[in-house]
Amino acid sequence: MRKAFLAILFSVATSFAHAETYNLTMASSHPKVLPWVGQLSTLVVGQSNARLEAMGSNDRINWTEAYGGALYGFKDTLEAVGDGLTDAGWVGTLWEGSKMPLQNITYFTPFVSDDLVETLKIMNELHRDIPVLQQAWEDQNVVFLGASGVETYHLLTNFPVNSLSDLDGRKILAPGPSANWIKHLGAVPVNGALPTYYNQVQTGVADGMVVILTGAFPNKHYEVAPYVTLVGIGAHMTGGLGINRDVWNGLSVDVQKVLRELGEEYTVAHAEEVMARYQKFLTALPDVGATVTEMSADDVATWANTLPNLAGDWVEANANKGAAVVLDAYMQKIEDFNINPRIDWSSR
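For the structure given in this document, a descriptive report is provided here.

About the criteria used
Residues numbered from 1 in each chain as written. Predicted model: local features only at pLDDT ≥ 70, side-chain atom pairs only at ≥ 80, totals over all residues. Heavy atoms only, no water. Helix = DSSP H or I, 4+ residues; strand = E, 2+ residues; numbered from the N terminus. Buried < 20%, exposed > 50% of the residue type's maximum accessible area, 1.4 Å probe, protein only. Core = buried A, V, L, I, M, F, W, Y, C linked by side-chain atoms within 4.5 Å. Contact = heavy atoms within 4.5 Å. Pairing = 2+ DSSP bridges. Axes fitted to C-alpha atoms, helices over the stretch in contact; angles between N-to-C directions. Expected span 1.5 Å × (residues − 1). Polar contact = N/O pair within 3.5 Å; in protein donor to acceptor, adjacent residues only side chain to side chain.

Here's the deal with the side chain of Asn104
The residue Asn104 is located in the loop between strand S3 (88-91) and helix H4 (116-129) in this model. Since its relative accessible area comes to 3%, Asn104 is described here as buried.

If you want it as structure tokens, here you go:
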């Protein structure tokens, strides 16, 4: 009996001797009110220790949280995680076209899917299946845990859009890769960012914008661009949850397992929150004075079918990085998920 009792004590003591508490910082350049940041706090930080306890692990994480640009700005998210300014956080790959071009594939394949949840599930699967996608993060000393993104893009303008010809010669806010979505329509792309759009339209710098409603509605863009034309240019990956690779390598197997699981759940949770907000704002637009119309199916088809081969150009520009493999795999996943794209970019 005494030996059995001593064995139990030894087992308990050994278990606690191997328990680790990791001091980690979770940060973002953006505030918690945004779904892809808020879910970092409520889900990943909020649930990690409960998950560890539930799996019988004695390891714990002591989190410090720093959001809203407290540690760094939106252009420095990748370096902040890779260099260890924060241990983990949201990384905006949308602004890393040179370092992480493969992560921006959706911006070069518009008119594929308006379903953000499915789009991001696909991007997570591609990261698991295709080494070059994961390697792109590891080359920056970051481990990828889960994708984030935004819902489909529409038009907000200060003039009615009754046909595609109405966009000819108009100055439309469409920064970065989105500029390529409208050039062939005769529209003039104008650079900008969500916080600057209101003033740019109000002062005549632009006549409208290609934009997400979850960004346009809170910024009251409908006040200066009250004509909302629903187009459905597609949902997109804009970044994801990452953790510093050196920090990751120092974590226990239990903690790594929990964070990987939470990374996958983070993708779905924030995407569902984004879509819920999208539906809410879409419904509320008429109540705030906006005129909401839907572009005709013929015009949407013409817009999509007359686009230049954006994906082909993207593949050519990133041929040595494995872009062709990523494009083919992406379009195959679209088929596997029973999504009917307006454009099959792999066959262009």
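Regarding the nonpolar core
Proteins that are soluble and globular tend to have nonpolar side chains buried together. Formed by 111 residues in total, the largest nonpolar core has its most connected members in Leu259 and Trp303. Top contributing element to this core by residue count: helix H9 (residues 253-284), with 11 residues. If sequence neighbours within four positions are ignored, Trp303 has contacts with Phe111, Leu155, Leu164, Leu167, Trp181, Ile182, His184, Leu185, Val231, Ile233 and Met295.

Here we look at unusual backbone geometry
In this structure, Asn141 takes a positive phi of about 65° despite not being glycine. Mapped onto the elements, Asn141 comes out in the loop between helix H5 (131-138) and strand S4 (142-150). Positive phi, close to 60°, is recorded for Asn338, a residue that is not glycine. By secondary structure assignment, the location of Asn338 is in the segment after helix H12 (323-336).

Some remarks on the sheet that holds S3
Across the sheet, five strands lie side by side as S2-S1-S3-S10-S4; this open sheet has mixed pairing. Because the sheet does not close on itself, it has two edges, and the strands there are strand S2 (60-66) and S4. Ignoring which end each strand starts from, the neighbouring axes of this sheet average 25° apart. Against the sheet, H4 touches S4 and strand S10 (236-244), its axis set at about 160° to S4. Sitting on the sheet, H9 is in contact with strand S1 (21-27), S2, S3, S4 and S10, with an inclination near 10° to S4.

A look at H4
Compared with the 20 Å implied by 1.5 Å per residue over 14 residues, the 20 Å span of H4 between its first and last C-alpha is a close match. Burial analysis of H4 places 10 of its 14 residues in the buried class, which makes it a mostly covered element. Considered for burial, the residues of H4 that qualify are Leu116, Val117, Glu118, Thr119, Leu120, Ile122, Met123, Asn124, Leu126 and His127. A distance of 3.1 Å separates the backbone nitrogen of Val117 from a side-chain oxygen at the start of H4, and that oxygen is part of Asp115.

By themselves, these observations are geometric and do not establish any function.
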